Amino acid sequence: MTDIPKFHEYFAPALRVLSSTSPMRSRDITTAVADLLELTDEQRAGRIPSGQNRLDNRVNWALSYLYHARAVSKPQRGVFSIAERGRDLLARYPDGFGLSALETYEEFREFKAKANSRATDSPASSLSTDAESSPLELAADATEQLNREVAADLVQRIREAAPDFLERTLLTLFSRMGYGGTAGALEHTGGVHDGGFDGVINQDRLGIDRIYIQAKRYADGNTIGRPDVQGFLGALHHAGASGGIFVTTSDFSSGAREFAASAKPRVVLINGKELGELLVEHGVGVQERQTFTVVEVDDDFFE
C-alpha cells in the first residue's frame, strides 16, 4: 500500500480547507485536502479491506472527530463548516495536531468516554495521539488479521488430515465458488488409476467442458517446481481438458508460475496461502463466531 497521511494528520488540512471555503460537502473537502497535500493518484485510489476508499474513510473520520470536538459544524446533511474553535486550533497548531489537542475540549472527552464505556477494546478507545488509521480501518484490519490466522490454521489442519481430505475439501470449495453449476457436477477421482488427477469439474451435463484438479498435500517449504506443472499440463492435453487447477498446501516456484502463465489450456496455480484465503472467503471449514454491525447517523432522519 502506498503510504498516505495518518488519521490525525487530516485534522488541520480539513480545517484549513474549510477556513477558506465554508460550507463544503464532505466529498469536496476530501478532494481539496488531497490537492492541498499533493497526494498522488495512487494514494487517492487506495482502499481498505472492506473495499471503501482509504482517503475518503480517513478524511470522513477526521471530520467526525472534529465535529465531536465542536471544531466544525454540520449545517446540513454531508455539509461541514468551520467553527470558531476550529479557527482557534489552526492558530494554535499551524503545523498540525492530533487527538491530544481535541481531548482538551470537554465535549470531545465526553464523546470518547461514552465510546469507551460501551466497548473498552473498541477501535475508538485504541486510538492514540498519533493514530494512523480511522476506527473503521482498525476494525477492518483486526478482522483481516483474524482471517489470516484462521486461513493459516485451516491449511495446517489440512496438512495433518488424511491424504484424500484435501481433494474432497477442494470439491466443496469449488462448488461454493460456483463451479459445476446446476447442470454440471464435481467428481472426486483420486486413486491409483486417477490418470494424474484428483478431481474433475464437469461444467455441463454432458461433460464436454471439463476442468481437472490436481492436489498436493505438502509441508510448508516444499516448493513445487516447473517440471510438476509441465507434467500436469501434459496430462491435461491427453485428457482433452478445458483447463486445470493445481493446488498445493505449500508453494510454487517462480519458474512454475511463469510456465503456467502461458500454458494452453489454462492452468491455475493455488498455493497454501491462497487456498486458506479462499476457504475463509467462501466459508469452507469455518463457522461464524461473532458479527459486528457498523452504523452511522442517518441525516435524513433529522430533516
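Look up: the structure comes first, before these words.
Residues numbered from 1 in each chain as written. Predicted model: local features only at pLDDT ≥ 70, side-chain atom pairs only at ≥ 80, totals over all residues. Heavy atoms only, no water.

Visitor: Is there a simple way to explain the layout of surface pockets in this structure?
Guide: In this approach a probe as big as a water molecule rolls over the atoms, and the regions it shows empty are the leftover space. The volume enclosed by the second largest pocket comes to roughly 210 Å³. Taken together, Phe 174, Met 177, Tyr 179, Ile 211, Ser 242, Gly 243, Gly 244, Ile 245, Arg 266, Val 268, Ile 270 and Leu 278 make up the lining of the second largest pocket. Those elements giving two or more residues to the lining of the second largest pocket turn out to be strand S8 (243–248) and strand S10 (266–270). Split into classes, the residues belonging to the lining of the second largest pocket amount to eight nonpolar, three polar and one charged. (1 Å grid on protein atoms, 1.4 Å probe; cavity = no way out; pocket = protein on both sides within 12 Å on 5 of 7 lines; lining within 4 Å. Points joined across faces, edges and corners; volume = space filled by probe spheres on them. Helix = DSSP H or I, 4+ residues; strand = E, 2+ residues; numbered from the N terminus. Nonpolar A, V, L, I, M, F, W, Y, C, P; charged D, E, K, R; others polar.)

Visitor: What's the story with the environment of Glu 274 in this structure? I'm lost.
Guide: Residue placement: Glu 274 occurs in helix H13 (residues 272–281). For the pair formed by Glu 274 and Thr 249, sequence separation is 25 residues and the distance between their alpha carbons is 9.1 Å. Not counting the four nearest positions on each side in its chain, Glu 274 is found in contact with Arg 257 and Leu 269. (Contact = heavy atoms within 4.5 Å.)

Visitor: Where do I start with the side chain of Thr 249 in this structure?
Guide: Topologically, Thr 249 is positioned in the loop between S8 and strand S9 (251–252). Of the polar contacts made by the side chain of Thr 249, one reaches the backbone oxygen of Tyr 218; its length is 2.6 Å. In this structure, Thr 249 is in contact with Val 155, Ile 158, Arg 159, Leu 166, Lys 216, Arg 217, Tyr 218, Gly 272 and Leu 275, ignoring residues within four places of it in sequence. (Polar contact = N/O pair within 3.5 Å; in protein donor to acceptor, adjacent residues only side chain to side chain.)

Visitor: Would you mind showing me how to read the sheet that holds strand S3 (residues 79–82) here?
Guide: Where strands meet in a sheet, backbone hydrogen bonds hold them as pairs that are either parallel or antiparallel. Across the sheet, which stays open at both edges, the three strands sit in the order S1-S3-S2 with antiparallel pairing between neighbours. Among the strands making up the open sheet, the edge pair consists of strand S1 (24–25) and strand S2 (72–76). Inspection of the sheet shows S1 paired to S3 by two bridges, in the antiparallel sense. Residue pairing across strands places Met 24 opposite Phe 80, the latter belonging to S3. (Pairing = 2+ DSSP bridges.)

Visitor: Would you explain the packing of helix H2 (residues 26–36) against helix H4 (residues 54–68) in this entry?
Guide: The description of two packed helices rests on the angle between their axes and on the distance between the axes. Remark: H2 packs on H4, axes separated minimally by 10 Å, with the N-to-C direction vectors making an angle of 110°. The angle between H2 and H4 places the two elements in the roughly perpendicular class. Between H2 and H4 the crossing geometry is right-handed. From H2, Ser 26, Ile 29, Thr 30, Val 33 and Ala 34 reach across to H4, where they touch Leu 55, Asp 56, Val 59, Asn 60 and Leu 63. (Axes fitted to C-alpha atoms, helices over the stretch in contact; angles between N-to-C directions. Parallel < 35°, antiparallel > 145°, perpendicular 65-115°, else oblique. Left-handed = near helix turned anticlockwise from the far one by under 90°.)

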